[in-house]
Amino acid sequence: MALTQVYEKTMRPLLDTIDTLRKIGVADEGIKLPTIVVIGDQSSGKSSVIERLSGVSLPRGKGIVTRVPLVMRIKSSESTEELDILIEYGSEKKNIMHEEVEEAVREATRILAGDEKGVCPKPINLSVCGPDLPDLTLVDLPGITRVPIKGQPQDIYQQVVNMIREQIKPEETVILNVISAEVDWATCESFNLSKEVDQEGSRTLAVVTKVDREPDGAYEKVLANDVNVGLGYVLNKLTEKQSALQRLPPSVVTEAEAMMEFLRITSERTRIMEGLMLRGDRHVEFYDDEEMLYPSKLNSLFEDLEETLRGATSKFFSEGFRNRVKTATVGFAVANFLSHSVFKQLLHEEVEKCKPVCFEVLEKVVEYTLRVSDEVIDICAASLPGLATTMKETAGQRLGASQQTAYKFIERELEKSQAIVCTFNHYYMDTVSSLTKGLDECKDLQCAHGHDARNWPTSYNGTVRCGHGHAIQLPASLEDAPEGFLKAPLVDNASQALQVMQISVYAYWKVIHKILIDIIPKELRF
Ligand SMILES: Nc1nc2c(ncn2[C@@H]2O[C@H](COP(=O)(O)OP(=O)(O)OP(=O)(O)O)[C@@H](O)[C@H]2O)c(=O)[nH]1
Ligand SMILES: [Mg+2]
């Protein structure tokens, strides 16, 4: 969008308002109306911007050109068809033609600031009257230069900075920070100066010049807004090359339009996210992307949870766990009785092992959801990448907050499982009964030749063998027996007592496991 268009849409309404206020005489009531002060580095294009805003040609070029403040008062006057221009500096005051302005300003500069390259705070006043002009005061200032060149005083930097400070101090001043797309904005002195008087950037506007030379870089700098320009940016001189800049929708100019666009983008995002997350829609953009089929991806994460939880806890019928139960019960009078405190301690250890597994799944779910959310935002806010960045940050923060809630929830559930060992779930007794029954049925198993069962398999495969290698059918009640359950030697009473205690821990653990794999996915989806 050319500057003139942006000007028409953004600045013009503002200027018209000031114009109207001036016309109804608010200035006479002591109310100050804004003056636009143009500041920036040397040769950043300040005079060129003023020229384009006012339509009056000014001296511009390489090296230091503007060396004294130029106060241009533009007034609308219906009484003249031609531009009526008056230049005043020192004791000089004369009417000039439009085409003489450039030379007259050069000459006035020479008179006020000398032939060399020095600067001077004495202003040149230029009044421009004409039909269809805004009622406006613009101030062009010398550019900031750090290193004095030949013919410049050593303190030129300080002199220019003083002039700028003085001009931008009044609160009714709008600061127009002119920055070249070619330089690093973070090092632009003029931003520091405008921040001194306008921390929030509420009366600072930036005009980016030379975008034609650095289109992509300018675009990224505007989006980053590292220099905090509150009122926003106007980009000067765009050419066809600046495809990235042209992606910014020209319709978003007023606050109302921006709000409409924002609402459109957020509701579109909600619609797609709900479709993906709740209904399992395949959004057209992700048609071939399995990763973006949210429910099935989540299911696989939750299935992993079930599997990993199983893997993380002890094998309750392994030799190792059997020995732990044995050691924990030694010294208790009743051999097959697992005291409540021992039972609790054994479970405590198992639940402890589950924590990292649950948290890891939580992290994976959040990470995946964020990735989906980011992709959806990229699609919905393709026309406003700056907004997309902010939306992603906000989504990340909200998801982070939900992650903390889920984290606390899981931690609390696990703590409850550790603190209270009690269940009303029939699943516990069902497991105990079926395993005990199976164990009983195994005791008298014999092959067709009357030999006792030996060589117990680690897991259920339908048969066990006698010492002579003959197959014996295992009872169906043991079909779901856990790994190692059959292999345990059942030769003596003490072993059988241990097996009974292992069954209790195992059955209780299965209840906890079932609860966890049910409530965690629910909490995470919620
Ligand atoms: N390519 C390109 N050149 C520009 C643009 N804006 C300004 N220029 C050129 O940059 C040079 C400096 O422009 P001026 O308007 O004199 O800059 P200034 O900030 O007023 O400079 P000083 O008054 O010396 O501080 C001139 O040669 C301009 O023609 C732009 O958008 N693109
Ligand atoms: Mg200039």
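Here, every reference points to the structure presented above.
Report follows, based on the coordinates. (Residues numbered from 1 in each chain as written. Chains lettered and ligands numbered in written order. Predicted model: local features only at pLDDT ≥ 70, side-chain atom pairs only at ≥ 80, totals over all residues. Heavy atoms only, no water.)

### Considerations on the pairing of strand β8 (residues 204-209)
Short version of the rule: The rule is simple: take the accessible area with a 1.4 Å probe, protein chains only, and divide by the maximum for that residue type; under 20% is buried, over 50% is exposed, in between is partly exposed. Secondary structure elements follow DSSP: runs of H or I of four or more residues count as helices, runs of E of two or more count as strands, with numbering from the N terminus. A pair of strands counts as paired when DSSP detects no fewer than two bridges linking them. Looking down the strands as they point away from the viewer, one classifies a crossover as right-handed if the path from the first strand across the helix to the second runs clockwise.
Counting buried residues along β8, 6 of its 6 residues qualify, which places the element largely inside the surrounding structure. Relative to β8, strand β7 (residues 173-180) runs parallel, the two being bridged by 6 bridges. In the strand pairing of β8, Ile-179 is matched with Val-208. With respect to chirality, the unit in which β7 leads through helix α5 (residues 189-197) into the neighbouring parallel β8 is right-handed.

### Notes on the coordination of the magnesium ion (ligand 2)
Applied cut-off: Sites may look incomplete because water is not among the atoms; the donors themselves are N, O and S atoms within 2.8 Å of the metal, or within 3.2 Å for Na, K and Ca.
Around the magnesium ion (ligand 2), the donor atoms from the protein are Ser-47 (OG) and Thr-66 (OG1), and they sit 2.0 to 2.1 Å away. You can see Ser-47 sitting in helix α2 (residues 46-54) and its partner Thr-66 sitting in the loop between α2 and β2 (70-76), a full 19 residues away along the chain. The class of Ser-47 is buried, set by a relative accessible area of 8%. Since its relative accessible area comes to 16%, Thr-66 is described here as buried.

### Observations regarding the site of ligand 1
Convention followed: Proximity is defined per residue: if any heavy atom of the residue lies within 4 Å of a molecule or strand, that residue is considered near it. By the criterion applied in these results, polar contacts are pairs of N or O atoms within 3.5 Å in which, for protein atoms, one can donate a hydrogen and the other can accept it, and in which residues neighboring in sequence qualify only through two side-chain atoms. Surface exposure here means Shrake-Rupley accessible area, sampled with a 1.4 Å probe, where a residue is shielded only by the protein chains that are shown.
Around ligand 1 sit 20 residues in total, of which Lys-46, Ser-48, Val-65, Thr-66 and Lys-210 are the nearest. Interatomic distance of 3.2 Å between a backbone N/O atom of Ser-44 and an oxygen atom of ligand 1. A distance of 2.5 Å separates an oxygen atom of ligand 1 from a polar atom in the side chain of Ser-48. For ligand 1, whose unbound accessible area comes to 650 Å², protein coverage reaches 90%.

### Let's talk about the sheet that holds strand β12 (residues 471-473)
Here 3 strands make up an open sheet; going across it, the order is β10-β11-β12 and the pairing antiparallel. Looking at strand neighbours, the two that pair on one side only are β10 (453-454) and β12, the edges of this open sheet. In the sheet, β10 pairs with strand β11 (residues 463-466) via 2 bridges, with the strands oriented antiparallel. Bridged to Arg-454 within β11 is Arg-465.

### With respect to the packing of aromatic side chains
Note the threshold: Here a pair means two rings of Phe, Tyr or Trp (six-membered ring of Trp) with centres within 6.5 Å. Their orientation is stacked below 30 degrees between planes, edge-to-face above 60, and tilted elsewhere. A positively charged side chain is recorded as over a ring if its NZ (Lys) or CZ (Arg) lies within 6 Å of the ring centre. The angle to the ring normal must also be within 35 degrees.
All told, the structure shown has 8 aromatic pairs when counted by the stated rule. Between Phe-317 and Phe-485, the aromatic rings sit 4.9 Å apart at their centres with planes inclined by 85°, giving edge-to-face as the arrangement. Placement of Phe-317 in the loop between α9 (294-312) and α10 (319-329) and of Phe-485 in the loop between β12 and α14 (493-525) is noted, with a sequence separation of 168 residues between them. The pair Phe-317 / Phe-485 is uniform in exposure class, with both members buried. When the ring of Phe-359 is compared with that of Tyr-407, the centres are 4.3 Å apart and the planes differ by 20°; the resulting orientation is stacked. Of the two residues, Phe-359 sits in helix α11 (residues 340-380) while Tyr-407 sits in helix α12 (residues 385-419), which places them 48 residues apart along the sequence. In textbook terms, an aromatic cluster arises when at least three aromatic residues are bridged by ring pairs, as seen for Phe-316, Phe-317, Phe-321, Phe-485, Tyr-506 and Trp-509. Residue placement shows Lys-297 over the ring face of Tyr-368; its charged tip is 5.7 Å from the ring centre.

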